[in-house]
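# Structural characterization, general
Chain by chain, the residues run as shown.
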Amino acid sequence: MIIEEGKGRFIKPEKKGLFYNPRGKLSRELGITILRVEKELKDDISFFECMAGIGFRTIRYYLEANIKNIWANEANEEAIEILKENLKLNGINDIKITNFEAKKILLENALNGNRFDFIDLDSFGSPSEFIFSVIMALKLEGIVYFTSTDGFTLCGLRQKASIRNYGVHSINSKFCHELGARILISTFMKIAGNLNMHFEPLVSLFDGYSWRIALRLKRGVENANFDKFGYVLYEPTTKAFKVFKDNHIEGKGLISGPVYLGEIHQKHYIDKLIEASKEFDDLRKILEKIKNEENIPFFYDYQEICDVISISPPPRKKIIKKLKKLGYLASETHFSPYGIKTNADYDEFVKVLKTLWIDLKSLTKTILFLFSIRTISPKLWTLYSFWKHLNS
């Protein structure tokens with residue numbers, strides 16, 4: 001059976017352990033878009049794919065981002081055979097293919113002085129064991145575009161694994177997917193810092209299933225973002241959180257940190273991605289939402305907080321409008337359909353929710369009253385309409 005995705009054609013694998021993941025289409029298209037933007041800066045991009053699988057990313061990057069200098073590595077020998085068939089199916093015969101464990105081949109390349117402009121790391125679970133070897137094999141100003149499907153750990157359900165993989169406690173909260181992105185970025189940054197380098201986050205995407213994040217490797221630590229590390233304190237009962245830039249934490253609750261609290265998207269880079277993603281409608285919509293997100297840490301789930309304070313949730317757009325009117329930053333977030341990013345503190349946010357709820361209740365009562373007048377007494381409705389006209 002042949003599967004078509006983008007400009008590529010692929011043999012659907014039938015062997016156990018080999019599969020086509022349709023949910024990965026969005027991340028593949030983001031990878032294509034990033035490569036298109038990078039090709040505007042440098043035409044001949046050296047590309048290394050750590051886990052090529054059966055070739056979906058490899059082939060789409062070749063055909064749709066016009067990347068020709070590709071090294072596709074895959075440790076599974078059966079996957080390599082299907083990868084070769086898929087390359088032949090798409091008329092591609094100039095890609096280097098190897099069958100090694102990713103860390104081994106990356107470090108061998110680094111020791112031989114062969115480094116890459118772009119490394120795609122699509123690991124299952126946590127990417128932490130590959131970070132050192134990726135950094136060693138990546139050129140300065142190069143990009144690592146990595147995946148994590150380590151949701152249980154990053155969302156606070158496996159604390160021992162969180163300490164082992166990332167060196168911090170994670171928190172089970174509604175903002176855990178953003179916290180997960182920040183924990184992942186922090187881990188890459190800390191290991192790069194040990195090597196006198198640092199990473200600049202370009203774009204951070206959570207697609208409902210996995211994280212896909214692109215980071216650019218930079219020289220030195222003088223201009224690094226280590227002063228933007230801090231802590232988040234979360235109170236599970238009220239759903240309140242506070243961010244602290246040092247370890248002088250006041251209050252009770254669950255603590256995560258130190259984690260990166262700086263910008264996780266570069267808006268000028270997102271603009272370029274939007275321009276380069278013209279045929280990818282779903283991706284472009286998410287990028288537009290990311291572009292309009294306030295680049296501040298974490299968000300409130302307004303429906304969850306309305307449950308806590310026992311009121312009906314007002315419309316999200318009205319909450320954002322009210323916060324902005326009061327002088328606060330406020331926006332939606334792609335991390336959650338019910339999330340609101342704002343620099344208003346918890347008490348002020350709750351006050352806004354209650355004010356809008358009271359207004360909504362008052363409006364509802366007025367509508368019901370007017371409806372009852374019109375239904376029960378048409379004459380009274382006529383008098384009311386005349387009075388309203390005189391006072392308008």
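Report follows, based on the coordinates. (Residues numbered from 1 in each chain as written. Predicted model: local features only at pLDDT ≥ 70, side-chain atom pairs only at ≥ 80, totals over all residues. Heavy atoms only, no water.)

## Description of the overall build of the chain
Scanning the chain for helices and strands turns up 14 helices and 15 strands. If one aligns the C-alpha atoms of the chain with their principal axes, the spans along those axes are about 90 × 55 × 40 Å. Out of the 392 residues belonging to the chain, those deemed buried represent 51%. Within the chain, contacts between residues separated by at least 24 positions form 67% of all contacts whose residues are at least 6 apart in sequence. Taken as a whole, the chain presents about 19,600 Å² of accessible surface, with 54% of it coming from carbon and sulfur. Positive and negative charge centroids in the chain, built from 58 and 49 side chains respectively, lie 6 Å apart. (Helix = DSSP H or I, 4+ residues; strand = E, 2+ residues; numbered from the N terminus. Buried < 20%, exposed > 50% of the residue type's maximum accessible area, 1.4 Å probe, protein only. Contact = heavy atoms within 4.5 Å. Areas by Shrake-Rupley, 256 points an atom, 1.4 Å probe, with all protein chains shown as cover. Lys, Arg positive; Asp, Glu negative; His and termini not counted. Charge placed at Lys NZ, Arg CZ, Asp CG, Glu CD.)

## Considerations on the nonpolar core
Judged by nonpolar contacts, the single largest core of 70 residues is most densely connected at Ile119, Phe199, Ile319, Phe349 and Leu353. If you tally residues by element for this core, the top one is helix α8 (residues 176–194), at nine residues. Dropping the residues within four chain positions of it, isoleucine 119 is found in contact with Phe48, Cys50, Leu106, Val134, Ala137, Leu138, Ile143, Val144 and Tyr145. Counting 44 residues, the second largest nonpolar core, distinct from the first, contains Leu35, Ala72, Tyr145 and Leu283. (Core = buried A, V, L, I, M, F, W, Y, C linked by side-chain atoms within 4.5 Å.)

## Remarks on the sheet that holds strand β9 (residues 211–219)
Spatial ordering of the open sheet is given by β5-β4-β3-β6-β7-β9-β8, a layout of seven strands whose pairing is mixed. The open sheet terminates on both sides in strands that have one partner only, identified here as β5 (96–98) and β8 (197–206). Adjacent strand axes in the sheet meet at a mean angle of 15° when their direction is disregarded. Where strand β3 (residues 47–49) meets strand β4 (residues 70–73), three bridges bridge the pair, whose relative direction is parallel. Following the sheet pairing, phenylalanine 48 is matched in β4 by tryptophan 71. (Pairing = 2+ DSSP bridges. Axes fitted to C-alpha atoms, helices over the stretch in contact; angles between N-to-C directions.)

## Thoughts on the pairing of strand β11 (residues 240–244)
Summarising the sheet, strand β10 (residues 229–235) and β11 pair through five bridges and their orientation is antiparallel. Within β11, the position partnered with tyrosine 231 by the bridge is phenylalanine 244. Taking the residues that link successive antiparallel strands as the turn, the β10-β11 hairpin has four residues, and the phi of lysine 239 there is positive, at about 70°.

## What about the packing of aromatic side chains?
Inspection of the entire model under this criterion finds 21 aromatic pairs. On the basis of an interplanar angle of 50° and a centroid distance of 4.9 Å, the ring pair of phenylalanine 206 and tryptophan 211 is categorised as tilted. Just as phenylalanine 206 is buried, tryptophan 211 falls in that class too. Feature note: the residues Phe175, Tyr234, Phe241, Phe298, Tyr300, Tyr346 and Phe349 constitute an aromatic cluster, connected by ring pairs. A cation over a ring is seen here: lysine 96 above tryptophan 71, with NZ or CZ 3.7 Å from the ring centre. For the cation-ring pair, lysine 103 lies above phenylalanine 130, with the distance from its terminal atom to the ring centre recorded as 5.8 Å. (Phe/Tyr/Trp six-rings, centres within 6.5 Å; stacked < 30°, edge-to-face > 60°. Lys NZ or Arg CZ within 6 Å of the ring centre and 35° of its normal.)

## Points about the sheet that holds β11
Each strand in a sheet pairs with its neighbour through backbone hydrogen bonds, running either in the same direction (parallel) or in the opposite one (antiparallel). Ordered by their spatial adjacency, three strands build an open sheet running β11-β10-β12, and the pairing between neighbours is antiparallel. Each edge of the open sheet carries a strand with a single partner, namely β11 and β12 (254–260). Across this sheet, the average inter-strand angle for adjacent strands is 20°, counted without regard to direction. Along the sheet, α8 makes contact with β10 and β12, crossing β12 at roughly 45°.

## Remarks on helix α4 (residues 102–111)
Within α4, burial applies to Ala102, Ile105, Leu106, Asn109 and Ala110. Axial view of α4: buried residues confined to an arc of 140°, hence all on one face. By the N-cap criterion, in which a side-chain oxygen at the helix start approaches the backbone nitrogen of a residue two or three places on, α4 is capped by glutamate 101, the distance to lysine 103 being 3.0 Å. Immediately downstream of α4, the backbone of glycine 113 shows phi near 75°, a positive value. (Arc of directions from axis to C-beta. Polar contact = N/O pair within 3.5 Å; in protein donor to acceptor, adjacent residues only side chain to side chain.)

## Concerning the pairing of strand β1 (residues 2–5)
Alternating residues of β1 divide into Ile3 and Glu5, all buried, and Ile2 and Glu4, none buried. Sheet topology places β1 next to strand β2 (residues 8–11); four bridges connect them, and they run antiparallel. By the bridge assignment, isoleucine 3 is partnered in β2 with phenylalanine 10.

## Details of the layout of surface pockets
Here the largest pocket is characterised by a volume of approximately 740 Å³. Contributing to the lining of the largest pocket are 30 residues, with Phe19, Met51, Gly53, Arg57 and Asp122 lying nearest its centre. For the lining of the largest pocket, the secondary-structure elements that each account for two or more residues are α1 (25–41) and α2 (56–64). Class assignment for the residues of the lining of the largest pocket results in eleven nonpolar, eleven polar and eight charged. Roughly 310 Å³ of volume is contained in the second largest pocket. For the lining of the second largest pocket, the secondary structure elements donating two or more residues are β10, β11 and α13 (346–376). (1 Å grid on protein atoms, 1.4 Å probe; cavity = no way out; pocket = protein on both sides within 12 Å on 5 of 7 lines; lining within 4 Å. Points joined across faces, edges and corners; volume = space filled by probe spheres on them. Nonpolar A, V, L, I, M, F, W, Y, C, P; charged D, E, K, R; others polar.)

## Side note on helix α9 (residues 267–276)
For α9, the complete set of buried residues consists of Tyr269, Ile270, Leu273, Ile274 and Ala276. For α9, the arc enclosing every buried residue in end-on projection is 165°, short of the 170-degree limit, so these residues lie on one face. As for α9, its buried residues are in contact with α1, β7 (138–148), β8, β9 and α10 (281–292).

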